[in-house]
Amino acid sequence: MTASSSLKSEVGIHLEGITKTFGEVVAVDDVDIVIREGEFFSLLGPSGCGKTTSLRMIAGFEVPDTGRVLLRDKDVSGDLPSKRNVNMVFQHYALFPHMNVEDNVMFGLRVSGVRKKERVTRVAEILEIVRLPGYQKRKPWQLSGGQQQRVALARALVNRPSALLLDEPLGALDVKLRREMQLELKAIQHELGTTFVYVTHDQEEALTMSDRIAVMNLGRVEQTGTPREIYEHPESSFVAGFIGSLNAMDLTVEQRPEGIGVMSVGEGRVMARVGASVHVGTAVRAAVRPERVALGPSSAPVHPDGSVVFGTVQEVIYLGAVSLFHLDIPGLGQLVSQRMSHEQESAFQTGDPVSASWEPAHTLVLEANPE
Ligand code: ATP
């Protein structure tokens, strides 16, 4: 068992009923987030939704108007940042340019009075962990952007904080390096078992790295869950639209046999699992992910349990491993199907009549408004 998975039942950080305003702007609005010890937890959302403000309140750089910040069950709401045993890593990792890597990393240890011999050992250990062994004597200008960010990480981790707070730390790196660093950050976190709280507006980044994610919008938490829960069972239109792409469909339930809502679309129909509040006549906003939509000839037999709609291929976009098929579905509008480019279904071309089908479990019901 790894350090991180063995610790996950304890609460590491609790933002309890937090609100923070700046003048007229409610930056964080009654947020309650529980982050487990040893967890890789991401705050994800669009620009201005309150992610950085939430992180800064954990660090102590901002003070909440209402609510409490608890670190390992201790109320630290009134404590200075230096008393909180958490460290922060920023997108712009200001390393001291005149100091070599070793001096940069050991700076905090020196300030807190750790003796020279131990400082040197701890720096060597942490450089090993961030995959920069033997880099002690290099100056920052002799390092790549990714290596500089690892030094910043080592500097933030060397004094063994109870949590590391990361504010878009990979934002300045190019896409390829960013992908590599995402995996490395996750591996480092796993190895150390330190709680990481990671701010990003990049959904793919959050899905790649996180144990759990809080999706924020307009200062509030819309949903908290594992990447899979959030992707496959979004609880709101906002979450569904923000994470991954989506075909949204506004339809009315016409039949409702045993927990399945049936909504007709031309000659076809959409089927979805529905809750008790959905009746015949209820207007629902349903959705399906493009990768769930299979393509077949328009003459294909209709499976009795699944959704199937009929239309024509409007456009095919080849993206290498996958292709996107934009379909025109009379009575519905546009529907996108994503298929692996090597699959037989990918042979369909612009103008072909097709059927598009998917299972009831893959229809997401995002909103339901009973008549
Ligand atoms: P981004 O991804 O763009 O950094 P964010 O989700 O981190 O956005 P915050 O930086 O937390 O968002 O900002 C939330 C809201 O609070 C925004 O409307 C922002 O303009 C406002 N805000 C943040 N800090 C201050 C401040 N010091 N003074 C005034 N308004 C602020």
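See the structure shown above.
Thresholds, definitions, all that
Residue positions are given per chain, counted from 1 along the sequence in the order it is written. Residue-level local features of this predicted model are given only where pLDDT is at least 70; pairs of side-chain atoms are given and counted only at 80 or more, and the full residue set underlies all totals for whole chains, interfaces and linings. The basis for every side-chain value is the complete set of non-hydrogen atoms in the structure, without hydrogens or water. Pairs of strands are assigned from DSSP output, requiring at least two bridges between the strands. Helix and strand assignments come from DSSP, with helices taken as H or I runs of at least 4 residues and strands as E runs of at least 2, each series counted from the N terminus. Every angle, taken between N-to-C directions, lies between 0 and 180 degrees, and every axis is a line fitted to C-alpha atoms, over only the stretch in contact when it is a helix. An angle below 35 degrees is treated as roughly parallel, one above 145 as roughly antiparallel, one from 65 to 115 as roughly perpendicular, and anything else as oblique. Definitions for this section: a left-handed crossing has its near helix turned counterclockwise from the far helix by less than a right angle. A right-handed crossing has that turn clockwise. Contact criterion: two residues are considered in contact whenever any of their non-hydrogen atoms come within 4.5 Å of each other. Polarity classes work like this: nonpolar for Ala, Val, Leu, Ile, Met, Phe, Trp, Tyr, Cys and Pro, charged for Asp, Glu, Lys and Arg, and polar for all others, with Gly in that last group. We define a polar contact as two N or O atoms separated by no more than 3.5 Å, with the added condition that, inside protein, one atom must be a possible hydrogen donor and the other a possible acceptor, whereas residues neighbouring each other in sequence contribute only through side-chain atom pairs. Helix span, as expected, comes to 1.5 Å for every residue beyond the first. Residue burial is assigned from relative accessible area. The probe radius is 1.4 Å, only protein chains are included, and a residue is buried under 20% of its type maximum, exposed over 50%, and partly exposed in between. It is the directions from the helix axis to the C-beta atoms that the arc portrays.

Undergrad: So what exactly am I meant to see when it comes to the pairing of strand β14 (residues 283-288) here?
TA: On a regular strand, each side chain points to the face opposite its neighbour's, so the side chains alternate between the two faces of the sheet. Sheet topology places strand β11 (residues 247-252) next to β14; 6 bridges connect them, and they run antiparallel. Along β14, the bridge assignment pairs Thr252 with Ala283. Pairing analysis gives 5 bridges linking β14 to strand β20 (residues 364-369), with the strands arranged antiparallel. What sits directly across from Ala283, in β20, is Asn369.

Undergrad: Which parts of the structure should I look at to understand the packing of helix α3 (residues 101-111) against helix α4 (residues 116-129)?
TA: For any two helices packed against each other, one specifies the inter-axial angle together with the distance between the axes. Taken N-terminus to C-terminus, the directions of α3 and α4 make an angle of 120°; their axes are 10 Å apart at the nearest point. Here α3 is positioned oblique relative to α4, judged by the angle of their axes. Here α3 runs over α4; the crossing is right-handed. In this structure, α3 contributes Val101, Glu102, Val105, Met106, Leu109 and Arg110 to the contact, and α4 contributes Arg119, Val120, Arg122, Val123, Ile126 and Leu127. Classifying every residue of the contact of α3 with α4 gives 8 nonpolar, no polar and 4 charged.

Undergrad: Looking at this model, I keep getting lost on the side chain of Ser210. Mind explaining?
TA: Its place among the elements puts Ser210 in the loop between α7 (203-209) and β9 (212-217). Within the local environment of Ser210, its side chain forms a polar contact with the side chain of Ser42, the two groups lying 2.7 Å apart. A distance of 2.5 Å separates the side chain of Ser210 from the backbone oxygen of Ala206, its partner in a polar contact. Residues contacting Ser210, with those up to four places away along its chain left out, are Phe40, Ser42 and Pro227.

Undergrad: Quick question: what am I supposed to make of α4 here?
TA: For an α-helix, the turn length of 3.6 residues means that residues three or four places apart are oriented alike. A rise of 1.5 Å per residue sets the reference length of α4, with its 14 residues, at 20 Å; its end C-alpha atoms lie 20 Å apart and thus fit the reference within 8%. Within α4, burial applies to Arg119, Arg122, Val123, Ile126, Leu127 and Ile129. Along the axis of α4, the buried positions cluster into a sector of 150°, meaning they face one direction only. With respect to the buried face of α4, the exposed residues turned more than 90 degrees away are Lys117 and Glu128. The inward-facing, buried residues of α4 abut α3, α5 (145-157) and α6 (175-192).

Undergrad: Help me out: how do you make sense of the sheet that holds strand β7 (residues 163-167) in this one?
TA: The strands making up a sheet are joined through hydrogen bonds of the backbone, oriented either antiparallel or parallel. Judged by pairing direction, the sheet is mixed, and its 6 strands sit side by side in the order β6-β7-β8-β3-β9-β10 without closing on themselves. Edge positions in the sheet fall to β6 (86-90) and β10 (220-225), since each of these pairs with one other strand and no more. For this sheet, the mean inter-axis angle between neighbouring strands, taken without regard to orientation, is 20°. Of the strand pairs in this sheet, β6 and β7 are connected by 5 bridges, and their pairing is parallel. Its bridge partner being in β7, Val89 is matched across the sheet by Leu166.

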